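Fold and geometry: a report
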Amino acid sequence: MELCLFLGCNTPAIRPDVERAIRASMPELGVDLSDAEGYVCCPAFGAFPSTDDDSYLASSGWNLSIAEAKGLDIMVQCGSCYSSLRMGRDHLAHDETKLARVNELLELTGRKLECKTKVRHVSEILYNEVGAQKISQTIKKSLEGLHGVVQYPCHTLFPSEIVGFEESPRQPKALRILTEALGATVDTYSRELQCCGGAGGFSKSTPVEATAFVKSKLDAIIEETQADFIVVSCITCLMYLDNIQKKLNEAEGTDKYHIPVFDYNQLLALCMGFDPKQVASICTVPRNSVIDRI
Amino acid sequence: MDFSESDKDLWKAIYNTKDLLHCFNCSTCLSGCPASHGNPPLLVRNLARMVVYGLEDDLLDDDTAWACVSCSRCEEMCPMDVKPFEMILSIRKWQSANDETRVPPSIVEIYKRGYTQSVGTNTELRESLGLPELQTITKMPEMLKLYQEMLMKTPVVSENDYMFSEE
Ligand code: SF4
Ligand code: SF4
Ligand code: SF4
Ligand code: SF4
């Protein structure tokens with residue numbers, strides 16, 4: 001199958017090794033990717049969706065129209081991009097007045113939108129279209145002997161009616177099953193479904209409280225599991241859970257927080273034998289403890 | 001609380017859905033909300049009350065809606081289908097429309113280069129990872145101009161056009 005790759009901005013700008021991992025691993029599983037030339041910011045919830053519907057939906061429409069012109073569905077990794085695009089599409093697909101208004105705006109740019117393109121998350125493609133079995137059969141190396149824990153990106157769970165793809169959004173399992181398909185043991189813990197708290201204004205406006213919030217999650221991982229790594233499938237979860245551990249260590253004068261964090265496609269690409277220097281090189285918490293054992 | 005100056009129709013200006021009036025203060029939207037741990041906390045339930053009661057001045061001054069991380073837990077769990085996350089966005093929209101200092105600076109970045117940050121300029125790093133050059137809108141001036149012209153027709157950009165002018 002072929003999909004239109006929507007990269008957002010954090011992935012290509014700050015963590016391009018994740019982009020490399022996605023571009024390397026998906027075609028091996030029969031998912032070809034076509035770039036969204038001239039795409040714009042998703043738009044982020046803190047931007048146009050916080051000012052007015054016209055600018056929000058015109059930007060969603062702009063992005064959707066790029067994929068629609070190619071006759072492709074969109075694939076996204078960033079949780080917020082996924083949610084913003086998918087909610088934007090939902091507004092347009094269910095409200096003729098909004099769609100007409102957006103087409104009026106898009107017309108000025110020579111574009112139009114029928115809202116045929118769907119917005120899909122990379123973990124959903126891997127889970128539903130590729131399947132765990134094909135992943136296990138394709139990989140050359142495995143995570144056997146390693147324990148991981150999963151951070152489910154809430155933007156891919158809620159509101160389940162619009163963005164969801166799990167059989168039960170209260171008991172998600174896609175990322176766990178995908179990680180097990182790589183040979184790892186996935187441990188569960190009490191705060192598994194707690195948000196990382198890294199997106200939006202929270203961590204910027206009240207960093208002390210936000211850090212205490214994510215600390216409760218990391219403490220639960222350390223106390224309740226044997227985790228060698230955390231696996232995510234959202235660029236914001238990845239950057240936040242990785243970077244905050246160093247800050248926590250500094251604030252508390254310890255070195256207790258050192259769990260490597262990977263995007264799922266990075267682990268997948270590593271198990272396919274791609275070069276760690278290309279697909280998993282940018283991080284704050286060193287990843288050797290995991291990479292050396294694959 | 002002083003209700004003497006409250007505007008009973010304010011909810012229609014901010015979040016015109018009857019579902020909001022079904023809110024019965026159960027606080028489900030607070031459990032699991034990361035920003036409810038903030039200081040001051042984001043208390044979705046209270047914001048819903050303020051909108052329904054029409055406490056215009058208090059609402060204009062309230063920063064907490066901007067602490068929302070958009071996780072949509074409240075949207076999922078609210079038993080009365082208030083769609084609290086949509087309400088949060090609606091409060092921000094109303095604040096931005098009534099107070100230009102609320103307009104998020106990130107939209108100016110998006111207007112100027114298509115993104116909140118510089119995308120596609122880290123060419124050396126990208127090359128070293130074996131990545132192709134990105135076809136960003138920043139590199140396509142004609143297309144960027146069309147995007148800007150389109151945005152100029154939207155309320156937030158046309159009403160605050162001074163923020164977007166090239167100096
Ligand atoms: S959600 Fe954030 S990371 Fe994703 S494209 Fe939008 S601004 Fe960039
Ligand atoms: S866990 Fe945090 S970063 Fe990840 S999807 Fe939720 S809010 Fe976004
Ligand atoms: S969960 Fe819904 S009904 Fe309950 S307080 Fe929050 S908004 Fe109101
Ligand atoms: S969407 Fe915003 S208000 Fe709702 S639970 Fe998440 S952070 Fe809290």
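Residues numbered from 1 in each chain as written. Chains lettered and ligands numbered in written order. Predicted model: local features only at pLDDT ≥ 70, side-chain atom pairs only at ≥ 80, totals over all residues. Heavy atoms only, no water.

1. Things to note about the overall build of chain B
Note the threshold: Secondary structure elements follow DSSP: runs of H or I of four or more residues count as helices, runs of E of two or more count as strands, with numbering from the N terminus. Just to be clear, the radius of gyration here is over C-alpha atoms, and the globule rule we use is 2.2 Å times residues to the power 0.38. Residue exposure (1.4 Å probe, protein chains only): buried if accessible area is under 20% of the type maximum, exposed if over 50%, otherwise partly exposed. Working definition of accessibility: Shrake-Rupley area with a 1.4 Å probe, residue cover restricted to the visible protein chains. Charged-residue counts in this description rest on Lys and Arg as positive and Asp and Glu as negative, His and the chain ends being excluded. The atom standing in for a charge is NZ when the residue is Lys, CZ when it is Arg, CG when it is Asp and CD when it is Glu.
When helices and strands are tallied, chain B shows 10 helices and 0 strands. Reading the helices (α) and strands (β) of chain B from amino to carboxyl end gives α-α-α-α-α-α-α-α-α-α. Taken over the C-alpha trace, chain B has a radius of gyration of 20 Å; the compact-globule value for 167 residues is 15 Å, which it surpasses by more than 25%. Residues counted as buried form 51% of the 167 residues belonging to chain B. In the form shown here, chain B has an accessible surface area of approximately 8200 Å², with 51% of it arising from carbon and sulfur atoms. Treating the 16 positive side-chain charges of chain B as one cloud and the 27 negative ones as another, the clouds have centres 5 Å apart.

2. Comments concerning the domain arrangement of chain A
Residues and elements named next belong to chain A. Note the following rule: Where each domain begins and ends follows an automated or database-derived domain assignment. Any two residues having at least one pair of non-hydrogen atoms within 4.5 Å are treated as being in contact. What gets called buried area is simply the loss in accessible area from a 1.4 Å probe that two parts show on being joined, summed for both.
What the domain assignment reports for chain A is domain 1 (2–121) and domain 2 (131–291). Computed from C-alpha atoms alone, the centre-to-centre distance between domain 1 and domain 2 is 24 Å. With 26 residues of domain 1 at the contact, the number on the domain 2 side is 33 residues. Between domain 1 and domain 2, roughly 2500 Å² of surface is buried when both sides are summed, and carbon and sulfur atoms account for 63% of that area. Of all residues in domain 1, the largest losses of buried area upon contact with domain 2 belong to Arg15, Asp17 and Leu29, amounting jointly to 27% of the total for that side. For the side of domain 1 that touches domain 2, the secondary structure elements donating two or more residues are helix 1 (10–13), helix 2 (16–28) and helix 4 (79–94). For the side of domain 1 that touches domain 2, the leading source of residues is helix 2, giving 10 residues.

3. Re the site of ligand 4
Test applied: We call a residue near a molecule or strand as soon as one heavy atom of that residue lies within 4 Å of the molecule or strand. Amino acids outside the nonpolar list (Ala, Val, Leu, Ile, Met, Phe, Trp, Tyr, Cys, Pro) and the charged list (Asp, Glu, Lys, Arg) are all regarded as polar, and Gly is one of them.
Around ligand 4, the surrounding shell consists of Cys33, Pro34, Leu42, Val44, Cys68, Val69, Ser70, Cys71, Ser72, Arg73, Cys74 and Phe85 of chain B. Across the shell around ligand 4, the residue classes tally to 9 nonpolar, 2 polar and 1 charged.

4. Examining the pattern of salt bridges
For clarity, the threshold we go by: Any carboxyl oxygen of Asp or Glu that lies within 4 Å of a side-chain nitrogen of Lys or Arg is treated as forming a salt bridge with it.
In this structure the tally under the stated criterion is 26 salt bridges over all chains. With its nearest N and O atoms 2.9 Å apart, the salt bridge here joins Asp63 of chain B to Arg102 of chain B. Residue Asp63 of chain B is found in the loop between helix 4 (56–61) and helix 5 (73–77), and its partner Arg102 of chain B is found in the loop between helix 6 (84–98) and helix 7 (106–113); the two are separated by 39 residues along the sequence. Each of the salt bridges in this network shares a partner with another, and the network as a whole consists of Glu19, Arg23 and Asp35 of chain A together with Arg126 of chain B.

5. Points about the site of ligand 1
Ligand 1 sits among Gly8, Cys9, Asn10, Cys41, Cys42, Ala44, Cys78, Ser80 and Cys81 of chain A together with Thr116 of chain B. Residues close to ligand 1 are split across chains A and B. Its residues assigned to classes, the shell around ligand 1 shows 6 nonpolar, 4 polar and no charged.

6. Concerning the pairing of strand 1 (residues 2–6) of chain A
Residues and elements named next belong to chain A. Spelled out, the test is: Each pair of strands is called paired provided DSSP finds at least two bridges between the two strands.
Among the 5 residues of strand 1, 4 are classified as buried, and the element is accordingly described as predominantly covered. Direction of pairing for strand 1 relative to strand 2 (residues 32–35): parallel, over a ladder of 4 bridges. When the bridges of strand 2 are listed, Leu5 appears paired with Asp35. Across 3 bridges, strand 1 lies against strand 3 (residues 74–76) in parallel orientation. Residue pairing for strand 3: Cys4 is matched across the bridge by Ile74.

7. Comments concerning the sheet that holds strand 4 (residues 119–121) of chain A
Residues and elements named next belong to chain A. Let me state the cut-off plainly: To define axes, lines are fitted to C-alpha atoms, for helices over the stretch in contact only, and angles between the resulting N-to-C directions are given on a 0 to 180 degree scale.
The 4 strands lie next to each other as 2-1-3-4, forming an open sheet whose pairing is parallel. Two strands bound the open sheet, and with one partner strand each, they are strand 2 and strand 4. The mean angle between the axes of side-by-side strands here comes to 45°, regardless of whether they run parallel or antiparallel. In the packing of helix 6 (residues 122–130) onto the sheet, contacts are made with strand 1, strand 3 and strand 4, and the angle to strand 4 comes to roughly 80°.

8. Considerations on the sheet that holds strand 7 (residues 229–232) of chain A
All names here are of chain A. The strand order 6-5-7-8 describes an open sheet built from 4 strands, whose pairing is parallel. Here the strands that pair on one side only, and so sit at the sheet edges, are strand 6 (185–186) and strand 8 (261–263). In the sheet, strand 5 (residues 147–150) pairs with strand 6 via 2 bridges, with the strands oriented parallel. Bridge pairing in strand 6 places His147 opposite Thr185.

9. Structural notes on the interface of chain A and chain B
Put simply, the test is: Each polar contact in these results corresponds to two N or O atoms within 3.5 Å; when the atoms are within protein, one needs to be able to donate a hydrogen and the other to accept it, and residues that are neighboring in sequence are counted only if both atoms are side-chain atoms.
Between chain A and chain B, the residue contacts involve 63 residues of the former and 55 residues of the latter. Summed over both partners, the interface of chain A with chain B comes to about 4900 Å²; 65% of that surface belongs to carbon and sulfur atoms. The tally of links between chain A and chain B comes to 3 salt bridges. Scanning the region where chain A abuts chain B turns up 21 residue pairs in polar contact (both at pLDDT 80 or more). Elements represented by at least two residues in the side of chain A that touches chain B include exactly helix 1, helix 2, helix 3 (53–70), helix 4, helix 5 (96–107), helix 10 (202–205), helix 11 (207–224) and helix 14 (276–279) of chain A. If you tally residues by element for the side of chain A that touches chain B, the top one is helix 3 of chain A, at 6 residues. Among the residues making up the side of chain A that touches chain B, the classes are represented as 30 nonpolar, 19 polar and 14 charged.

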